[in-house]
Amino acid sequence: MSRKKRKILMNILLIAGIFISTTSCVKKTPVDLSKETLIPKPVSVTATNSSFEITNKTRIYFNKGSDGIESTAKYLAEILRPSTGFPVQVKSTLKKPKSGNIYLSLTDNKNLSEEGYELVITEKMVQLTANQPAGLFHGVQTIRQLLPDEIELKTHAGGPWLIGTGTILDYPEYEYRGAMLDVARHFFGVEDVKQFIDQLALYKINYLHLHLSDDQGWRIEIKSWPNLTLHGGSTEVGGGEGGFYTQEQYIDLVHYAAERFITIVPEIDMPGHTNAALSSYPELNCNGKATKLYTGTRVGFSTLCTKKEVTYTFIDDVIGELASMTTGPYIHIGGDESHVTPMKEYIPFINRVQEIVLKHGKMVIGWDEIAHSALKPNTVVQYWSLAKNAKKGVGQGAKVLMSPAKRAYLDMQYDSTTTLGLHWAAYVEVDSSYSWDPEKLVPGITKEDILGVEAPLWTETITNMNDLEYMVFPRLPGLAEIGWTPAADRSWDEYKVRLGKHGKRMQALGINYYPSPLVPWDEKSAK
Ligand code: TNX
C-alpha cells in the first residue's frame, strides 16, 4: 500500500471511529415509562421507550419571573444532590434551556386543573409544566418516583439516574386529599410533624389536619388563655410530659407545609373532648370547678358549659388567634362524641361556633355529628361514623369529606395480631383501606357532594415516629391514590403489584412500613 493510500485508509478509520464512538455515546438505554411504579397512578402515560439521564452537568432551570417556582426547583435539587453526588445547580431562565437539563415552567393548559401537570421527557430534556406552582410541585414528586429508588438515599449511590421518555398528563380527582394527625393524645414535636409533612408530599397529599386539642392535652399556645398549654398541655395519654407548639413554632409549621403545597387545617374539638381546657380554666365548667387532668383513653365524658357566655368569649379568642395563624381556608371545630352535651344544647352551640369561625374569615369543617345543627353555607361535614349524618349534611347543601373509620382510619389494627392501634371500627388490612370508592360508599352521596378524602391517625396507642410510620404505611399511599386517581383506573390486583415494587423506595426513605402479607413485595423490599 502506498503511503498516500495508507493515509487515506487511516483517515477513514479515524472518522469511522469518531462516528461510532459519538453515536454509541448518544445511544440511550431504553426505559419503558408506562411500566414505572408511580403512586398515585397518573391519569395518562405515553411511553416512547428511551431515556433521559441525570448527569453531573444537569441543572434545574425554572422560568424567570413566575412566583412560587424557585422553591420547588430547589426542593427537587435538594432531593437529587445527596444520592447522585452531583452539584444540580438551580438557575432561572427566560428561554428553554439546552440539552441535558430539567426545566420547570408555568403554562396555560386547559387539559390541566389547578393542581395538574404535564411532564414531557425526551432524551434531551425533562420538561415539566403546570398552570400553578402546586402542579409543578406534584410533577416533581412524579420525577422523583420515576428515578431509581436509591435517589431517596441521603448518601451517595451509584446510578445511572435514568428516566424513561414519554409524556405524563396528570391531575387530581378530588380537590382535598388529606391526612390527620392527633397530636393531643400523644404529642408530636415540630421536627416529627415536618417529617410527616415530607412523607405526605411524596403522595401528592395537599391537606394536613392537626387535631390540636382533646381531653388529654391542649397543644397550641393561645396568648389570651395561657393556662391552656401551661397546665392543659402538660401531660398526655399514659401520663407522659405532653407538650405544645408555641405560636412561633406553629407558624413555622404552616410555612413549612405551604412550601410543600400542603395546607394545615387546625382543629379545636368542642364542645366535647375538652377536658384539658376544662382542667385549665374552672369558669368553662357549669359548676365552676376545674376538672383533673386526664391521661386515659375514654371518650365522650367532657363538655364545655354551653349555657355560659364566657364559653363563647373563650371560643372567640381561641378561634381568633388560630385564624390569624392560619393561611388556609378552614378551621375544624370537632363536634364529635359530645355524649354529655344534651342535643338541645349541642345544636345552638354548633350554630354559634360556626358564626364565630365565619366572623374570623374561615370556613368550618366538623365531624359528621355537626349535621344535626343548621349548617352555614360552605360548612364541610367530615364523615367518619354515621352515613345518616353525612346525608343530613348533604341535604343541607354541605360538601362531605370522606374519612370512613372502617376504611380510612390509620389507627385501626391491620389484623388481630397487630400490637398497635384499636379495632372498634374494623381491622383494616391494606386491601380494605384501598378498595373503596368515595362516590359509591354512601347511597345518595354522589361525586358532586364530595370535597375529598382524609386519612386520620388517632394516637391513643402511638407514641413515636417509628410506630406512626408503621400505622400510616403502606395504607396512606393507597388512600392518596383514592383521592388522586380516577376510580375507573383503580384496582387492588394491579395496585398491590405496584405497592410491592414501592417497598424498596419506602426502605430507601427509611420508612418503617407494615410488610402486609397481602402485598407481593419485591424480594428486596420484603422486610
Ligand atoms: C373516635 S373519630 C374518635 C376519636 C378517637 C378515635 C379512635 C372521632 C371523630 N372521634 O376521639 O381517637 O375514635 O379511633
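Residues numbered from 1 in each chain as written. Predicted model: local features only at pLDDT ≥ 70, side-chain atom pairs only at ≥ 80, totals over all residues. Heavy atoms only, no water.

A. Fine view of the sheet that holds strand β1 (residues 44–54). The strand order across the open sheet formed by seven strands is β1-β7-β5-β6-β4-β2-β3, and the pairing between neighbours is mixed. Here the strands that pair on one side only, and so sit at the sheet edges, are β1 and β3 (90–93). The mean inter-strand angle of the sheet, taken between neighbouring strand axes irrespective of direction, is 25°. Judged from the three bridges that link them, strand β2 (residues 60–63) and strand β4 (residues 101–106) form a sheet pairing that is parallel. Within β4, the residue paired with Tyr 61 across the bridge is Tyr 103. (Pairing = 2+ DSSP bridges. Helix = DSSP H or I, 4+ residues; strand = E, 2+ residues; numbered from the N terminus. Axes fitted to C-alpha atoms, helices over the stretch in contact; angles between N-to-C directions.)

B. Geometry of the confidence of the model for the chain. Of the residues in the chain, 94% reach a pLDDT of 70 or more, and the chain-wide mean stands at 95. Under a pLDDT of 50 for its full length, residues 17–24 has, in the predicted model, zero contacts with residues more than four places off or in other chains. (pLDDT = per-residue confidence, 0-100. Contact = heavy atoms within 4.5 Å.)

C. Seen up close, the environment of Pro 97. Positionally, Pro 97 belongs in the loop between β3 and β4. For the pair Pro 97 and Leu 401, spaced 304 residues apart in the sequence, the C-alpha separation amounts to 42 Å. Setting aside residues no more than four positions away along its own chain, Pro 97 makes contact with Tyr 61, Tyr 103 and Met 125.

D. Structural detail: the pairing of β3. In the sheet, β2 pairs with β3 via four bridges, with the strands oriented parallel. When the sheet's bridge partners are listed, Asn 63 is paired in β3 with Thr 93. Since β2 and β3 lie parallel, the crossover through helix α2 (residues 70–84) that links them has a hand, and here it is right-handed. (Right-handed = clockwise from strand over helix to strand, strands pointing away.)

E. How the structure looks around the domain arrangement of the chain. Domain annotation of the chain identifies domain 1 (33–170) and domain 2 (176–495). Listed by partner, the interface residues are 20 residues for domain 1 and 18 residues for domain 2. Between domain 1 and domain 2 the total buried area reaches about 1,700 Å² when both faces are included, carbon and sulfur atoms providing 62% of it. Broken down residue by residue, the surface that domain 1 buries against domain 2 is led by Ile 39, Pro 40 and Lys 41, which jointly contribute 36%. Put simply, Glu 115 and Arg 177 hold a salt bridge, and the shortest N to O gap is 2.9 Å. (Domains from an automatic or database assignment. Buried area = accessible area lost by both parts, 1.4 Å probe. Salt bridge = Lys/Arg side-chain N within 4 Å of Asp/Glu carboxyl O.)

F. Here's a closer look at the environment of Thr 46. Tracing the sequence through the fold places Thr 46 in strand β1. For Thr 46, a relative accessible area of 48% gives the class partly exposed. Sequence-wise, Thr 46 and Thr 165 are 119 residues apart; in three dimensions their C-alpha atoms are separated by 8.6 Å. Dropping the residues within four chain positions of it, Thr 46 is found in contact with Leu 33, Thr 165, Gly 166 and Thr 167. (Buried < 20%, exposed > 50% of the residue type's maximum accessible area, 1.4 Å probe, protein only.)

G. Structural detail: the state of the cysteines. One pass over the structure, following the stated rule, counts one disulfide. The disulfide partner of Cys 286 is Cys 305, and the gap between their sulfur atoms is 2.0 Å. An S-S torsion of about 90° defines the bridge between Cys 286 and Cys 305 as right-handed. With Cys 286 in the loop between α7 (275–280) and α8 (309–324) and Cys 305 in the loop between α7 and α8, this residue pair connects regions lying 19 residues apart in the sequence. The class of Cys 305 is buried, set by a relative accessible area of 2%. (Disulfide = S-S within 2.5 Å.)

H. Structural context of helix α15 (residues 475–484). Among the ten residues that make up α15, ten are buried, leaving the element largely enclosed by the rest of the structure. Among all positions of α15, only Arg 475, Leu 476, Pro 477, Gly 478, Leu 479, Ala 480, Glu 481, Ile 482, Gly 483 and Trp 484 are buried.

I. Layout of empty space enclosed by the protein. Counting across every chain of the model gives one cavity of 30 Å³ or more. Estimated volume of the largest cavity: approximately 50 Å³. Forming the boundary of the largest cavity are Arg 177, Gly 178, Ile 205, Met 402, Ala 408, Val 453, Glu 454, Ala 455, Leu 476, Leu 479 and Ala 480. Taken together, the elements giving at least two residues each to the lining of the largest cavity come down to β8 (176–182), β17 (450–457) and α15. Its residues assigned to classes, the lining of the largest cavity comprises eight nonpolar, one polar and two charged. (1 Å grid on protein atoms, 1.4 Å probe; cavity = no way out; pocket = protein on both sides within 12 Å on 5 of 7 lines; lining within 4 Å. Points joined across faces, edges and corners; volume = space filled by probe spheres on them. Nonpolar A, V, L, I, M, F, W, Y, C, P; charged D, E, K, R; others polar.)

J. Representation of the packing of aromatic side chains. Applying the stated criterion to the full structure yields 24 aromatic pairs. Ring geometry for Trp 225 versus Phe 314: centroids 4.9 Å apart, planes at 80°, classification edge-to-face. One end of the pair, Trp 225, is in the loop between β11 (217–218) and α5 (227–230); the other, Phe 314, is in helix α8, and 89 residues separate them in sequence. Ring centres of Tyr 434 and Trp 492 lie 6.2 Å apart, and the angle between their planes is 50°; this geometry places the pair in the tilted category. With Tyr 434 in helix α12 (residues 430–434) and Trp 492 in helix α16 (residues 492–508), the pair connects residues that are 58 residues apart, well separated along the chain. Of the two residues examined, Tyr 434 and Trp 492, each falls in the buried class. (Phe/Tyr/Trp six-rings, centres within 6.5 Å; stacked < 30°, edge-to-face > 60°.)

K. Structural detail: the site of the ligand. Among the 14 residues in the neighbourhood of the ligand, the closest are listed as Arg 185, Tyr 409, Asp 411, Trp 424 and Glu 460. One nitrogen or oxygen atom from the side chain of Glu 460 is found 2.6 Å from an oxygen atom belonging to the ligand. Contact with the protein chains removes 98% of the 360 Å² of surface that the ligand exposes when unbound. Looking at the shell around the ligand residue by residue, the classes come out as eight nonpolar, one polar and five charged. (Near = heavy atom within 4 Å. Polar contact = N/O pair within 3.5 Å; in protein donor to acceptor, adjacent residues only side chain to side chain. Areas by Shrake-Rupley, 256 points an atom, 1.4 Å probe, with all protein chains shown as cover.)

L. Molecular detail of the packing of helix α4 (residues 190–202) against helix α6 (residues 247–259). Across the interface, α4 lies against α6 with an axial gap of 10 Å and an inter-helix angle of 15°. Classified by the angle their axes make, α4 and α6 are roughly parallel. Crossing of α4 over α6 shows right-handed handedness. Contact residues: α4 offers Val 190, Val 193, Lys 194, Ile 197 and Asp 198, while α6 offers Gln 249, Asp 252, Leu 253, Tyr 256 and Ala 257. Its residues assigned to classes, the contact of α4 with α6 comprises six nonpolar, one polar and three charged. (Parallel < 35°, antiparallel > 145°, perpendicular 65-115°, else oblique. Left-handed = near helix turned anticlockwise from the far one by under 90°.)

M. Quick look at unusual backbone geometry. In this structure, the amide linkage connecting Met 270 to the following residue, Pro 271, adopts the cis form with an omega of 0°. Mapped onto the fold, Pro 271 is located in the loop between β12 (263–270) and α7. The amide bond that connects Phe 473 to the next residue, Pro 474, takes the cis arrangement and shows omega of 10°. Along the polypeptide, Pro 474 turns up in the loop between α14 (465–472) and α15.

N. View of the pattern of salt bridges. Enumeration according to the criterion identifies 25 salt bridges in this entry. One salt bridge connects Arg 185 with Glu 460, and the closest N-O pair in it is separated by 3.5 Å. Of this pair, Arg 185 sits in the loop between β8 and α4 while Glu 460 sits in the loop between β17 and α14, placing them 275 residues apart in sequence. Residue Arg 185 is classed as buried on the basis of its relative accessible area of 2%. On the accessibility criterion, Glu 460 (13% relative accessible area) is buried. Salt-bridge contacts for Lys 504 lead to Asp 522; the nearest nitrogen and oxygen are separated by 3.6 Å. One end of the pair, Lys 504, is in helix α16; the other, Asp 522, is in the segment after α16, and 18 residues separate them in sequence. The class of Asp 522 is partly exposed, set by a relative accessible area of 25%. Through salt bridges with shared partners, a single ionic network connects Lys 41, Glu 481, Glu 494 and Arg 498.

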